[in-house]
Amino acid sequence: MIIYGASLSPYVRKAVAFANEKGIDVDHKNRMPGAEDEEFRECSPFGKIPGMRDGDYCLGDSTAIATYIEAKHPDPALIPADPEARGKVMWFDEFADTIFVAVGGTIFFNRVVATMMGQEPDEAAAVKAETETLPPVLAYIEKALADGREWLVGDGLTLADISVASPFKNLDYGRAKIDWDAYPRTKAYKDRILGRDSFAQLLAMDAAMVGG
Ligand SMILES: N[C@@H](CCC(=O)N[C@@H](CS)C(=O)NCC(=O)O)C(=O)O
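No experiment lies behind these values; they were computed from the predicted model shown.

A few points about the sheet that holds strand β1 (residues 2-4)
Okay, so step 1: Judged by pairing direction, the sheet is mixed, and its four strands sit side by side in the order β2-β1-β3-β4 without closing on themselves. The sheet is open, and its two edges are formed by β2 (27-29) and β4 (57-60), each paired on a single side. Ignoring strand direction, the axes of neighbouring strands in this sheet form an average angle of 20°.
Okay, so step 2: Along the sheet face, helix α1 (residues 10-21) touches β1 and β2 and points at about 165° away from the line of β1.

As structure tokens, this is what we get:
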């Protein structure tokens, strides 16, 4: 299976980690958002990353890719069959992809990507995200991990954990100032999930670009 996209993207990180957790042999091919080559655009018609190719089957969108992989490789189950558990997993996935990435992306873009792209960074926007928008997101995750929960849903790793952990790395790269004493469960959780082997290859690629 080929997954196209830049390793720094939380969506690419999520798709590759999900496939790795399934034991799939992933051929990661670097592509920047908007890359125009036909091989990539066949899988991601609007140029967003990630795209995926499995034989002659193509798909874009990290959640669509995870859904496809889950159906084709049901073991280990990472999207539960139980209706309530599945609903919660898809909620956390959506929360991560929209609410969390929007905040983390503002910090990451203005502290890392803007300069890489030769654009003027908006540090005020990064600080506003860091001080106003991020704390409620972290407080929500902290609360979701109450009662000694190791996983966001059920008793094992699910897509929810992969999706929610992934954007934390972009906060690190954006040097987000976080009072971790206020979010001890979240800190331990994201370190544990991101420390899984399934994330290692792409995180090593990131480190070569932006440092650990
Ligand atoms: N919902 C999509 C979002 C993908 C996405 O927006 N990726 C960003 C990079 S992190 C991108 O390609 N942005 C370029 C654009 O929006 O044109 C997914 O989960 O894969």
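Thoughts on the side chain of E130
Okay, so step 1: Within the fold, E130 resides in helix α5 (residues 123-144).
Okay, so step 2: By relative accessible area, E130 is classed as buried at 6%.
Okay, so step 3: Among the polar contacts listed, one links the side chain of E130 to the side chain of R111, at a separation of 3.1 Å.
Okay, so step 4: Once you skip the residues sitting within four places of it in the chain, E130 turns out to touch I107, R111, P135, R175, A176 and K177.

Here's the deal with the packing of aromatic side chains
Okay, so step 1: Under the defined criterion, the tally for this structure stands at ten aromatic pairs.
Okay, so step 2: Plain terms: the ring middles of Y57 and Y68 are 4.6 Å apart, the flat faces sit at 25° to each other, and that makes the pair stacked. Here Y57 is found in strand β4, whereas its partner Y68 is found in helix α3 (residues 62-72), with eleven residues between them in sequence.
Okay, so step 3: Here the aromatic residues W91, F92, F95, F100, Y140, F168 and W180 are joined through ring pairs into a cluster of three or more.
Okay, so step 4: In this structure, R192 packs its charged tip against the face of W151, placed 4.9 Å from the ring centre.

Overview of unusual backbone geometry
Okay, so step 1: Residue I49 is joined to P50 through a cis peptide bond whose omega torsion reads 10°.
Okay, so step 2: Within the secondary structure, P50 is located in the loop between α2 (38-41) and β3 (51-54).
Okay, so step 3: Of note, the amide linkage connecting D75 to P76 takes the cis form, showing an omega dihedral of -10°.
Okay, so step 4: Looking at the element boundaries, P76 is found in the loop between α3 and α4 (83-116).
Okay, so step 5: Positive phi, close to 85°, is recorded for D61, a residue that is not glycine.
Okay, so step 6: Looking at the secondary structure, you find D61 in the loop between β4 and α3.
Okay, so step 7: Assessed through its relative accessible area of 45%, D61 is described here as partly exposed.
Okay, so step 8: One non-glycine residue, R175, adopts positive backbone phi at about 50°.
Okay, so step 9: Topologically, R175 is positioned in the loop between α7 (168-173) and α8 (184-194).

Each value, and the rule that gives it
Residues numbered from 1 in each chain as written. Predicted model: local features only at pLDDT ≥ 70, side-chain atom pairs only at ≥ 80, totals over all residues. Heavy atoms only, no water. Pairing = 2+ DSSP bridges. Helix = DSSP H or I, 4+ residues; strand = E, 2+ residues; numbered from the N terminus. Axes fitted to C-alpha atoms, helices over the stretch in contact; angles between N-to-C directions. Contact = heavy atoms within 4.5 Å. Buried < 20%, exposed > 50% of the residue type's maximum accessible area, 1.4 Å probe, protein only. Polar contact = N/O pair within 3.5 Å; in protein donor to acceptor, adjacent residues only side chain to side chain. Phe/Tyr/Trp six-rings, centres within 6.5 Å; stacked < 30°, edge-to-face > 60°. Lys NZ or Arg CZ within 6 Å of the ring centre and 35° of its normal.

Remember that the coordinates give geometry; whether it matters functionally is a separate question.
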